[in-house]
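# Topology and contacts: notes
The chain contents come next:
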Amino acid sequence: MLDEIYNARILDLAGNIGRIGRLAAPDATATRHSRLCGSKITVDLRVEGDVVADYAHEVKACALGQAAASVMAKHVVGATTAELRQTRDGMLAMLKEGAPPPTGRFAELSCLEPVRDFKARHASTMLVFEAVVACLDDIAAARAGG
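Residues numbered from 1 in each chain as written. Predicted model: local features only at pLDDT ≥ 70, side-chain atom pairs only at ≥ 80, totals over all residues. Heavy atoms only, no water.

### Considering unusual backbone geometry
Positive phi, normally seen in glycine, also occurs at Arg 19, with a value near 60°. Among the residues examined, Arg 19 registers a relative accessible area of 35% and is labelled partly exposed. (Buried < 20%, exposed > 50% of the residue type's maximum accessible area, 1.4 Å probe, protein only.)

This is how it looks when you write it as structure tokens:
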């Protein structure tokens, strides 16, 4: 059954992650960790107005976390903060509630749909989305406070 989630597309994405590294001057940085499998992702984000201007990440994750991070890296620059929050919520709904996968700019995340049947893999799949939204929350808080 694990062959369903570790399919060729997911392995291809996991082996081709863009935007690896760190930004020199991010607006926010967030790290998320999965205790279950040890996966860890650190995200640096720079936002201009309501749109992502730059992004980088360090990914030390399982193939599912790597695949999700790969899709994020391919499509995040130019995304609005609302799109990113919607994508995180959509992924969570897809995994936990059986909702359809995200659409639009992040439609490629549909390849992770089989993960819904493997609850132990949900946390590692969600790491990059949770880290990105944590960055957005920090940026919003900094802007509101200053």
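### Regarding the nonpolar core
Judged by nonpolar contacts, the single largest core of 44 residues is most densely connected at Tyr 55, Met 72, Leu 84, Leu 112 and Val 128. Counting residues per element, the ones that place at least two in this core are helix 2 (8-14), strand 1 (28-33), strand 2 (40-48), strand 3 (51-60), helix 3 (63-75), helix 4 (81-97) and helix 5 (122-145). The contacts of Val 128, once residues within four sequence positions are left out, are Ile 41, Val 43, Tyr 55, Ala 68, Ala 69 and Met 72. (Core = buried A, V, L, I, M, F, W, Y, C linked by side-chain atoms within 4.5 Å. Helix = DSSP H or I, 4+ residues; strand = E, 2+ residues; numbered from the N terminus. Contact = heavy atoms within 4.5 Å.)

### Comments concerning the pattern of salt bridges
When the charged atoms of two side chains lie near each other, side chains of opposite charge can form a pair. A full pass over the atoms with the stated rule returns 12 salt bridges. Two residues, Arg 85 and Asp 137, come together in a salt bridge whose shortest N-O distance is 2.8 Å. Taken as a pair, Arg 85 in helix 4 and Asp 137 in helix 5 lie far apart in primary sequence, 52 residues in all. Taking relative accessible area as the criterion, Arg 85 reaches 28% and is therefore assigned partly exposed. Ionic contacts of the salt-bridge type, sharing partners, join the residues Arg 9, Asp 12, Lys 74 and Glu 108 into one network. (Salt bridge = Lys/Arg side-chain N within 4 Å of Asp/Glu carboxyl O.)

### Things to note about the pairing of strand 1
Inspection of the sheet shows strand 1 paired to strand 2 by six bridges, in the antiparallel sense. Following the sheet pairing, Ala 30 is matched in strand 2 by Val 43. Here strand 1 hands over to strand 2 after six residues, with Gly 38 in that stretch at a positive phi of 85°. (Pairing = 2+ DSSP bridges.)

### So, the state of the cysteines
Across all of its chains, the model carries zero disulfides by this definition. Left unpaired, Cys 37 is separated from the closest cysteine sulfur, that of Cys 62, by 4.5 Å. Among the cysteines around Cys 135, which has no disulfide bond, Cys 37 carries the closest sulfur, lying 20 Å off. (Disulfide = S-S within 2.5 Å.)

### Some words on the sheet that holds strand 1
Pairing in this open sheet of three strands is antiparallel, and the strands run 1-2-3 from one edge to the other. The open sheet has two edge strands with one neighbour each: strand 1 and strand 3. The average angle at which neighbouring strand axes cross in this sheet is 20°, direction not considered. Its contacts with the sheet place helix 3 against strand 2 and strand 3, and it is angled at close to 160° to strand 3. (Axes fitted to C-alpha atoms, helices over the stretch in contact; angles between N-to-C directions.)

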